[in-house]
Amino acid sequence: MIFRDMDLDKIKTPCYIVDERLVRKNMEILKNVMDMTGCKILLAQKGFSMYALYSLMSSYLVGTTASSLNEAILGHEKFPGEVHIFNPAYREDDMENILEITDHIVFNSFTQWYKYKNMVHKAEEKRDCHISCGLRINPEYSTGDHAQYDPCKEGSRLGITIGNFEKALNEGMTLEGIEGLHFHTLCEQNSDDLEETLKAVEEKFGKYIMGMKWLNFGGGHHITREDYDIARLIRLINYIQDKYKVTVYLEPGEAAVLNSGFLVSTVLETMENGMNIAILDTSAACHMPDVIEMPYRPFIISSGEPCEKKYTYRLGGPTCLAGDIIGDYSFDERLIEGDKLIFTDMAHYSMVKNNTFNGINLPDICVYSEKEGFKVVKTFGYEDFKGRL
Ligand SMILES: *Cc1c(COP(=O)(O)O)cnc(C)c1O
């Protein structure tokens, strides 16, 4: 079993369990990339904000990046290290607070940068520190399969195209005060796609990278996946750093906690309607929204594809949404009420995206560690449902 000394029957479900040993394994892989290149790696909190593990993660990574003021505050409070932020368009009423706690701010346009430039300088004086500002670029080079996750697609609002970049410069705006460029175009991809993307970035923006202090490669690098070509990543980072004299930043969310979390659920009821059906105490819509949104089929331990094993079931959630279906799975034995099913790879984009639709309770959040075994770090109830309405 994956969790030694752990009696699954005693666990209240549904619950997310993140295995500290597996997070540490990922952290060591990321740390090795930093050691081999001198680049800096941040945790993208958008994908994983379970701060119970920030202390451990901060002993490997250099800091966090945020997509909002709230994420920035969490990184600042709980994760010792640099605090970065990117937002497609900053709210004026957030900016003052953002400027109190961030080290790097990435702007999505020249107009945003010009709008907030003076506030940045004032904050620097007040804090007696330097805030490094950068611009997000759009290399207009798509490599992914999911249009929903492609910031290079036509009509994208994310990043400055070379056309708009040079138009702004021609209209008299300058890069004075800008210390870095940022691109984020990948999603669950290998370093061959990064290599292609870097070619496009260099071809279009190469002369502007020259003279910058840093280049941020964004997230979407599946570095901790078994078949990821780390040697090529290291070569690419070293090549860019040598050629342009910049520090490379990476900000993976998913790769930081890939394959390190589980969602444990219990079968509440089984039935038949032309096929075997099981209703679980966990919901695709509420607890693993990417199953419906992305969409994808999560793996369940000891299960097979439909009809691969003797008994095939359609697994659904406890909500009234007809489409709250996790998928069709087969098992060696019949499912019965009380059976536990363990979904794998549930650390990222789960807790940060879940919701209380139908008033369904949120799963407990738990850590498993070698030293302390199984520990519940957070439980939820009626007040959490009511509190957000
Ligand atoms: C989503 C996002 C990330 C993290 O992406 P992963 O796919 O989780 O690695 C990093 N940077 C930016 C700007 C993002 O939008």
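Residues numbered from 1 in each chain as written. Predicted model: local features only at pLDDT ≥ 70, side-chain atom pairs only at ≥ 80, totals over all residues. Heavy atoms only, no water.

Student: Break down the nonpolar core for me, citing the residues and quoting the values.
Tutor: Counting residues in each nonpolar core, the largest one holds 96 residues, and the members touching the most others are Met57, Phe107, Phe165, Phe217 and Leu315. For this core, the domains that each give at least three residues are domain 1 (2-17 + 261-346 + 354-387) and domain 2 (38-257). Those residues in contact with Leu315 that lie beyond four places of it in its chain are Ala278, Leu280, Ile300, Ile325, Ile326, Gly327, Tyr329, Phe331, Leu335 and Leu341. (Core = buried A, V, L, I, M, F, W, Y, C linked by side-chain atoms within 4.5 Å. Buried < 20%, exposed > 50% of the residue type's maximum accessible area, 1.4 Å probe, protein only. Domains from an automatic or database assignment. Contact = heavy atoms within 4.5 Å.)

Student: Let's hear about the domain arrangement of the protein: which residues, and what values?
Tutor: Per the domain assignment, the segments of the protein are domain 1 (2-17 + 261-346 + 354-387) and domain 2 (38-257). Domain 1 and domain 2 are separated by 34 Å when their C-alpha centres are compared. Counting from both sides, the interface comprises 9 residues of domain 1 and, opposite them, 9 residues of domain 2. Between domain 1 and domain 2 the total buried area reaches about 610 Å² when both faces are included, carbon and sulfur atoms providing 58% of it. Across the contact surface, domain 1 and domain 2 share 0 salt bridges. On the surface where domain 1 and domain 2 come into contact, there are 0 residue pairs in polar contact (both at pLDDT 80 or more). Of all elements in the fold, only α11 (290-293) and β15 (364-369) reach the threshold of two or more residues within the side of domain 1 that touches domain 2. Residue contributions to the side of domain 1 that touches domain 2 peak at 3 residues, all from β15. Among the residues forming the side of domain 1 that touches domain 2, the class breakdown is 5 nonpolar, 1 polar and 3 charged. (Buried area = accessible area lost by both parts, 1.4 Å probe. Salt bridge = Lys/Arg side-chain N within 4 Å of Asp/Glu carboxyl O. Polar contact = N/O pair within 3.5 Å; in protein donor to acceptor, adjacent residues only side chain to side chain. Helix = DSSP H or I, 4+ residues; strand = E, 2+ residues; numbered from the N terminus. Nonpolar A, V, L, I, M, F, W, Y, C, P; charged D, E, K, R; others polar.)

Student: Tell me about helix α1 (residues 20-37), and please be specific about residues and values.
Tutor: Over its 18 residues, α1 runs 26 Å from end to end, which matches the ideal 26 Å to within 8%, given 1.5 Å per residue. All of the buried residues along α1 are Val23, Asn26, Met27, Leu30, Val33, Met34 and Thr37. Down the axis of α1, the buried set is contained in an arc of 110 degrees. They therefore lie on one face. Of the residues in α1, the exposed ones pointing more than 90 degrees away from the buried face are Lys25 and Asp35. Contacts made by the buried residues of α1 are with β1 (15-19), β2 (40-44), α2 (54-58), α8 (230-244) and α9 (254-257). Gly38, located one to two residues past α1, shows a positive phi value of around 80 degrees. (Expected span 1.5 Å × (residues − 1). Arc of directions from axis to C-beta.)

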